[in-house]
Amino acid sequence: MLRPMKIGIIGMGWVGSSVAISTLQAGAAQELLLNDARAELAEGEAMDLRHGASFYPSARIGTASVHEMRDADAVVIAAGRGGTADESRLELLRDTAAIARSIGRELTGAKGLVVVVSNPVDVLTQLVLESSGLPASRVVGTGTMLDTARLRQVVGRELDLDPRSIHAHVVGEHGDSEVVLWSGAQAGGVPLRKWPGWQPAREQALTEEVRHAAYEIIRRKGATNHAIGLVTAALLRWSLRDERRVLTVSRLQEGAAGLHDVALSLPTIVGREGAELVLEPVCNEEERAALHASADVLRRTRASIDG
């Protein structure tokens with residue numbers, strides 16, 4: 001029998017609150033601890049969520065300091081400021097780097113998984129890792145999980161198939177330099193480029209739709225929150241249940257696909273111990289070059305923090 005899971009969430013804005021409700025409805029946590037720089041906001045969210053206890057699997061909900069979350073099975077970092085429609089995720093870095101480093105230092109010695117959701121997620125994942133001193137496998141960003149879900153949704157729409165029948169990945173940065181691996185994409189086990197009626201000429205337009213999805217949502221409603229809440233809850237549930245799924249999470253790379261010293265997303269086996277094994281995806285020369293270019297973007301951005 002699986003033991004009760006304790007999950008902490010830091011940052012109770014749009015994203016943090018969506019992560020909280022999605023986590024409860026997924027049954028991922030038996031104890032959920034909330035934290036925000038505005039203590040009353042965390043308390044109010046806890047009260048509101050407790051009132052819905054009849055409609056999700058049993059869980060205790062309360063508030064806690066970041067320090068008190070160090071014994072949790074997983075801690076989600078959703079703190080930071082939101083973006084605007086005319087700025088990239090990387091432009092958010094100046095305002096969020098100090099927050100990420102501070103939280104990382106408070107999580108030194110944490111026993112569980114640390115999941116970074118705040119943007120720019122790849123660089124912040126690396127900063128939290130550096131400031132916490134935790135093993136690289138246990139500091140994981142949601143990375144391109146959401147981009148991959150968006151890709152599968154738009155391809156499924158094109159083929160009139162459920163997105164779960166689409167097997168395709170977005171890798172690299174969660175942002176403007178992300179790379180869609182069209183060469184290895186499949187639908188129901190059939191290479192996408194051999195699917196009856198598939199038009200490779202549409203691939204660039206679909207890539208741009210996926211890449212700019214967040215900007216379009218932010219332009220209309222001010223933030224993206226529901227899909228990333230579902231993504232994070234799934235990541236928590238699958239990892240804490242040690243399901244060892246292959247997910248496009250972000251972590252510090254240590255040699256896969258020839259990449260070192262940069263946090264970005266590649267297909268990775270994720271289990272109870274975190275991002276355990278990074279896989280080298282099937283890609284053509286153009287996609288590999290784009291992946292390395294994406295890594296260079298992130299390295300330059302990381303270097304600029306201390307410049």
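The present account deals with the structure reproduced in this document.

Thresholds, definitions, all that
- Positions within a chain are numbered from 1, following the residues in the order the chain's sequence is written.
- Note on the predicted model: pLDDT of at least 70 is required for a residue's local features to be given, and 80 or more for side-chain atom pairs to be given and counted; whole-chain, interface and lining totals, by contrast, use all residues.
- Only hydrogens and water are set aside; all other atoms, that is, all heavy atoms of the structure, feed into the side-chain values.
- By definition, any uninterrupted DSSP run of H or I lasting at least four residues is a helix, any uninterrupted run of E lasting at least two residues is a strand, and each is numbered from the N terminus.
- Radius of gyration: over C-alpha atoms. The globule rule applied is 2.2 Å multiplied by the number of residues raised to the 0.38 power.
- Summary of the burial criterion: residues with accessible area below 20% of their type's maximum are buried, those above 50% are exposed, and those between are partly exposed, where the area comes from a 1.4 Å probe applied to protein chains only.
- Contacts are residue-level and defined by heavy atoms, with any inter-residue pair within 4.5 Å sufficient.
- Shrake-Rupley sampling with a 1.4 Å probe provides the accessible areas, and residues are treated as covered by the protein chains on show and by no other component.
- We count Lys and Arg on the positive side and Asp and Glu on the negative side, and we leave His and both chain ends out.
- The atom standing in for a charge is NZ when the residue is Lys, CZ when it is Arg, CG when it is Asp and CD when it is Glu.
- What makes a nonpolar core is a set of buried Ala, Val, Leu, Ile, Met, Phe, Trp, Tyr and Cys residues whose side-chain atoms join them at distances within 4.5 Å.
- DSSP bridges decide pairing: two strands pair if at least two such bridges lie between them.
- By salt bridge we mean one thing: a side-chain nitrogen of Lys or Arg within 4 Å of a carboxyl oxygen of Asp or Glu.
- One less than the residue count of a helix, multiplied by 1.5 Å, gives the span that helix is expected to have.
- Note on method: axes are straight lines fitted to C-alpha atoms, helices fitted across the in-contact stretch only, with angles between N-to-C directions ranging 0 to 180 degrees.
- Relative orientations are named as follows: roughly parallel for angles under 35 degrees, roughly antiparallel for angles over 145 degrees, roughly perpendicular for angles from 65 to 115 degrees, and oblique for any other angle.
- Put simply, a crossing is left-handed when the front helix is turned counterclockwise from the back one by less than a right angle, and right-handed when it is turned clockwise.
- Side-chain classes follow a simple rule in which Ala, Val, Leu, Ile, Met, Phe, Trp, Tyr, Cys and Pro form the nonpolar group, Asp, Glu, Lys and Arg form the charged group, and the remainder, Gly included, forms the polar group.
- By definition, the crossover connecting two strands over a helix is right-handed if that path, from the first strand to the second, turns clockwise as seen with the strands pointing away from the viewer.

Looking now at the overall build of the protein chain. Along the backbone of the protein chain there are nine helices and 14 strands. Computed over C-alpha atoms, the radius of gyration of the protein chain comes to 19 Å, within 12% of the 19 Å expected from 2.2 N^0.38 for 307 residues, which places it in the range of a compact globule. When the backbone C-alpha atoms are referred to their principal axes, the protein chain occupies close to 50 × 50 × 40 Å. Counting across all 307 residues of the protein chain, residues that qualify as buried make up 54%. Within the protein chain, residue pairs in contact and separated by at least 24 positions form 69% of the contacts whose partners lie at least 6 positions apart. As presented, the protein chain carries roughly 13,700 Å² of accessible surface, and 52% of it is formed by carbon and sulfur atoms. If you average the places of the 34 positive and of the 39 negative side-chain charges in the protein chain, the two averages end up 3 Å apart.

By size, the foremost hydrophobic cluster in this structure holds 40 residues, and its most contacted members are Ile-10, Ile-77, Leu-107, Leu-264 and Leu-266. Within the residue set of this core, elements represented by two or more residues are β4 (74-77), α3 (93-106), β5 (113-116), α4 (121-132), β13 (260-271) and α9 (285-305). For this core, the element with the most residues is α4, which contributes six residues. If we ignore the near neighbours within four places in the chain, the residues touching Leu-266 are Val-171, Leu-247, Thr-248, Val-249, Gln-253, Ala-256, Ala-257, Leu-259, Val-278, Leu-279, Pro-281 and Leu-291.

What follows is about the sheet that holds strand β7 (residues 166-167). Spatial strand order, β7-β10-β11: three strands in an open sheet with antiparallel pairing. In this open sheet, the two strands that pair with only one neighbour each are β7 and β11 (190-191). Examined bridge by bridge, β7 and strand β10 (residues 186-187) share two bridges and lie antiparallel to one another. By the bridge assignment for β10, Ile-166 is matched with Ala-187.

A separate point is the pairing of strand β12 (residues 245-254). Burial analysis of β12 places seven of its 10 residues in the buried class, the great majority of the element. Of the pairings in the sheet, the one linking β12 to β13 comprises nine bridges and is antiparallel in character. Bridging from a neighbouring strand, Val-249 pairs with Leu-266 of β13. The loop that links β12 with its antiparallel partner β13 comprises five residues; one of these, Gly-255, has a positive phi angle of about 130°.

Moving on: the pattern of salt bridges. A full pass over the atoms with the stated rule returns 18 salt bridges. One salt bridge connects Arg-157 with Glu-158, and the closest N-O pair in it is separated by 3.3 Å. Since its relative accessible area comes to 40%, Arg-157 is described here as partly exposed. By relative accessible area, Glu-158 is classed as partly exposed at 33%.

What follows covers helix α5 (residues 145-159). An ideal rise of 1.5 Å per residue puts 21 Å on 15 residues; α5 measures up with 21 Å between its terminal C-alpha atoms. Just downstream of α5 lies Asp-160, where phi reads positive at about 60°.

Here we come to the packing of α4 against α9. At a minimum axis separation of 10 Å, α4 and α9 run at an interaxial angle of 50°. Here α4 is positioned oblique relative to α9, judged by the angle of their axes. Here α4 runs over α9; the crossing is right-handed. Contact residues: Asp-122, Val-123, Gln-126, Leu-127 and Glu-130 in α4; Leu-298, Thr-301, Arg-302 and Ile-305 in α9. Partitioning the contact of α4 with α9 into residue classes produces four nonpolar, two polar and three charged.

Quick look at the pairing of strand β3 (residues 60-63) now. Pairing between strand β2 (residues 31-35) and β3: four bridges, direction parallel. Following the sheet pairing, Leu-34 is matched in β3 by Thr-63. This β-α-β element, β2 to helix α2 (residues 39-50) to β3, shows right-handed connectivity.

Once that is clear, we can look at the packing of α5 against helix α6 (residues 203-211). Interaxial distance between α5 and α6 falls to 9 Å at its minimum, and their mutual angle equals 135°. Relative to α6, the element α5 lies oblique. Taken as a pair, α5 and α6 cross one another with a handedness that is right-handed. Residue-level contacts link Asp-147, Arg-150, Leu-151, Val-154, Arg-157 and Glu-158 of α5 to Leu-206, Glu-209 and Val-210 of α6. Per-class residue counts for the contact of α5 with α6 are four nonpolar, no polar and five charged.

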